[in-house]
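A look at the structure
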Amino acid sequence: MTTQPKIGWIGPGIMGRPMCKHLMKAGFPLAVYARRPETAQELTALGAEFHATPAALAANVDIVISMVSDTPDVEAVLLGENGVIEGGKPGLLVVDMSTISPVATREIATKLAKKGIRMLDAPVSGGDVGAIAATLTIMVGGSADDLTYVRPALETMGKTITHIGDHGAGQLAKACNQLIAAQTVIAVTEAFEMAKAAGVDPAKVRAALLGGFAYSKVLELHGQRILDENFQPGFKAHLHNKDMHIVTDTIAAFGLNLPGTQRAADYMQILVDAGNGELDSSAIAKVVQQNAKAI
């Protein structure tokens, strides 16, 4: 009988906890590190080991999966004092499922490789609903062989797992996802504003468009949120704002001029600056509505 590799999880938060439960249900031995140990209590009660530092965790597992908030957090748990790089043995595989900078991801992978530690970047799309339902979309950068090794674990958490390319490619794909999502919410809201200005019911416009070429998950899900003015989170605006900063930094790094993306980033920042960071990111519609002008 094949023994499942032991997995160490860093960051058992809103997304991480259900993902960890899927791994444990599938028979993967699990160890966990959390900056706030109370966030790991549910998992330790189910039998997961707890380690006091990422280094201690890394020394006792075959695969480390990190799911934390931002680029500096990933750098801290992987490369910092008592980080994975200090405890991981050569051959350890690190899978970072956070959403962070593609440029920084390449740098982190290079530094880990000098210690003989392998890395994949594997950010996800689908939010906490997808994490709970194990239907996440997972975008992977790094070695195809490393993905083959960890794929059985990833398959417990997601339905669509795509190898995009080398280190950083997964994060680049996630950045593309976030810019498309933000711009599509803006497009849907502008369509609704045009319909309302013309005296046409935007709910009926949405119903028609759902059967046509303009269909998208954003139109289906966020379009209804906009009509209902229901912006209870899902994916919080302050997190999408963080992601849009990653997008604009990446654009700048490659010397691109993408005005539609910049406008979406600006609108998301306006939303958060107005104190709406805890709302669903589709609340960017509120900024669009405030800026709409009747002809």
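Everything numeric in this text was worked out from a predicted model, so none of it was measured.

1. What to know about the UniProt feature "domain: 6-phosphogluconate dehydrogenase NADP-binding" (unreviewed entry) in the protein
Those residues carrying the UniProt feature "domain: 6-phosphogluconate dehydrogenase NADP-binding" (unreviewed entry) are residues 6-165 in this numbering. The span residues 6-165 is 39% helix and 24% strand, and its two end C-alpha atoms sit 26 Å from each other.

2. Topic: unusual backbone geometry
A positive phi is found at A134, a non-glycine position, where the angle reads about 60°. Considering the arrangement of structural elements, one finds A134 in the loop between α7 (127-133) and β8 (136-141). Positive phi values are uncommon outside glycine, yet E229 reaches one of about 55°. Checked against the element boundaries, E229 lands in the loop between α11 (217-228) and α12 (237-253).

3. Examining the pattern of salt bridges
For the structure shown, the criterion picks out twelve salt bridges. When the shortest N-O distance is used, the salt bridge between D73 and R35 registers 3.7 Å. With D73 in helix α4 (residues 71-79) and R35 in the loop between β2 (30-33) and α2 (41-45), this residue pair connects regions lying 38 residues apart in the sequence. Given the relative accessible area of 67%, R35 is considered exposed. For K196, the salt bridge goes to E193, with nearest N and O atoms at 2.8 Å. Remark: E193 and K196 occur in helix α9 (residues 169-197); sequence separation between them is three residues, near one turn of the helix. K196 sits in the partly exposed class, given a relative accessible area of 44%. Given the relative accessible area of 18%, E193 is considered buried.

4. Structural notes on the environment of A58
Structurally, A58 can be placed in helix α3 (residues 54-58). In this structure A58 comes out as buried when scored by relative accessible area, which is 2%. Sequence-wise, A58 and V94 are 36 residues apart; in three dimensions their C-alpha atoms are separated by 9.0 Å. Contact partners of A58, with chain neighbours within four places excluded, come to V64, V84, G87, G88 and L92.

5. Describing the environment of L147
For L147, the position within the fold is in helix α8 (residues 144-154). Expressed as a C-alpha distance, the spacing of L147 and V95, which sit 52 residues apart in the sequence, is 9.3 Å. The residues touching L147, leaving out its near neighbours within four places in the chain, are L120, V140, L154, I161 and H163.

6. Let's talk about the packing of helix α13 (residues 259-276) against helix α14 (residues 284-291)
In the contact formed by α13 and α14, the axes pass within 8 Å of each other and the chain directions differ by 100°. Classified by the angle between their axes, α13 and α14 sit roughly perpendicular to one another. Where α13 approaches α14, its residues A264, Y267, M268, I270, L271 and N276 are matched on the opposing element by I284, K286, V287, V288 and N291. Among the residues making up the contact of α13 with α14, the classes are represented as eight nonpolar, two polar and one charged.

7. Some thoughts on the UniProt feature "domain: 3-hydroxyisobutyrate dehydrogenase-like NAD-binding" (unreviewed entry) in the protein
UniProt records the feature "domain: 3-hydroxyisobutyrate dehydrogenase-like NAD-binding" (unreviewed entry) for residues 168-287 in the present numbering. Secondary structure across residues 168-287 divides into 73% helix and 0% strand, with the first and last C-alpha atoms of the span separated by 32 Å.

8. Here's the deal with the nonpolar core
Ranked by size, the top nonpolar core spans 32 residues in total, and within it W9 and M97 carry the most contacts. Of all the secondary structure elements, the ones that give two or more residues to this core are β1 (7-10), α1 (16-25), β2, β4 (63-66), β5 (93-96), β8 and α8. If one sorts the elements of this core by residue count, α8 sits on top with four residues. Grouped together as the second largest cluster of nonpolar side chains are 25 residues, A175, A264, Y267 and M268 included.

9. Overview of the packing of α12 against α13
For the pair α12 and α13, the least separation of the axes is 9 Å and the interaxial angle reads 145°. Here the hand of the crossing between α12 and α13 comes out left-handed. Between α12 and α13, the residues in contact are A237, H238, H240, N241, M244, H245, V247, T248 and I251 and T261, Q262, A264, A265, M268, Q269, L271, V272 and N276, respectively.

10. What to know about a nonpolar patch on the surface
Nonpolar side chains collect at one region of the surface, where V103, L172, F254, L256 and L258 lie side by side and expose about 400 Å² of accessible area between them. Tracing the sequence through the fold places L258 in the loop between α12 and α13.

11. Regarding the pairing of strand β9 (residues 158-165)
Where β8 and β9 come together, six bridges link them in parallel fashion. If you follow M139 over to β9, its bridge partner there is T162. What joins β8 to β9 is α8, and the crossover it makes is right-handed.

12. A closer look at the pairing of β5
Side chains L93 and V95 project from β5 onto one buried face, and the interleaved V94 and D96 project onto a second face that is buried too. Of the pairings in the sheet, the one linking β4 to β5 comprises four bridges and is parallel in character. Along β5, the bridge assignment pairs I63 with L93. Alignment of β5 against strand β6 (residues 118-121), held across four bridges, turns out to be parallel. For L93, the partnering residue across the bridge sits in β6 and is R118. Of the crossover connections in this fold, the one passing from β5 over helix α6 (residues 102-113) to the parallel β6 is right-handed.

Definitions and cut-offs
- Residues numbered from 1 in each chain as written.
- Predicted model: local features only at pLDDT ≥ 70, side-chain atom pairs only at ≥ 80, totals over all residues.
- Heavy atoms only, no water.
- UniProt positions renumbered as here; feature names shortened; annotations may be inferred.
- Helix = DSSP H or I, 4+ residues; strand = E, 2+ residues; numbered from the N terminus.
- Salt bridge = Lys/Arg side-chain N within 4 Å of Asp/Glu carboxyl O.
- Buried < 20%, exposed > 50% of the residue type's maximum accessible area, 1.4 Å probe, protein only.
- Contact = heavy atoms within 4.5 Å.
- Axes fitted to C-alpha atoms, helices over the stretch in contact; angles between N-to-C directions.
- Parallel < 35°, antiparallel > 145°, perpendicular 65-115°, else oblique.
- Nonpolar A, V, L, I, M, F, W, Y, C, P; charged D, E, K, R; others polar.
- Core = buried A, V, L, I, M, F, W, Y, C linked by side-chain atoms within 4.5 Å.
- Left-handed = near helix turned anticlockwise from the far one by under 90°.
- Patch = residues over 30% accessible without salt bridge, like charges linked within 9 Å, V, L, I, M, F, W, Y side chains within 5 Å.
- Areas by Shrake-Rupley, 256 points an atom, 1.4 Å probe, with all protein chains shown as cover.
- Pairing = 2+ DSSP bridges.
- Right-handed = clockwise from strand over helix to strand, strands pointing away.

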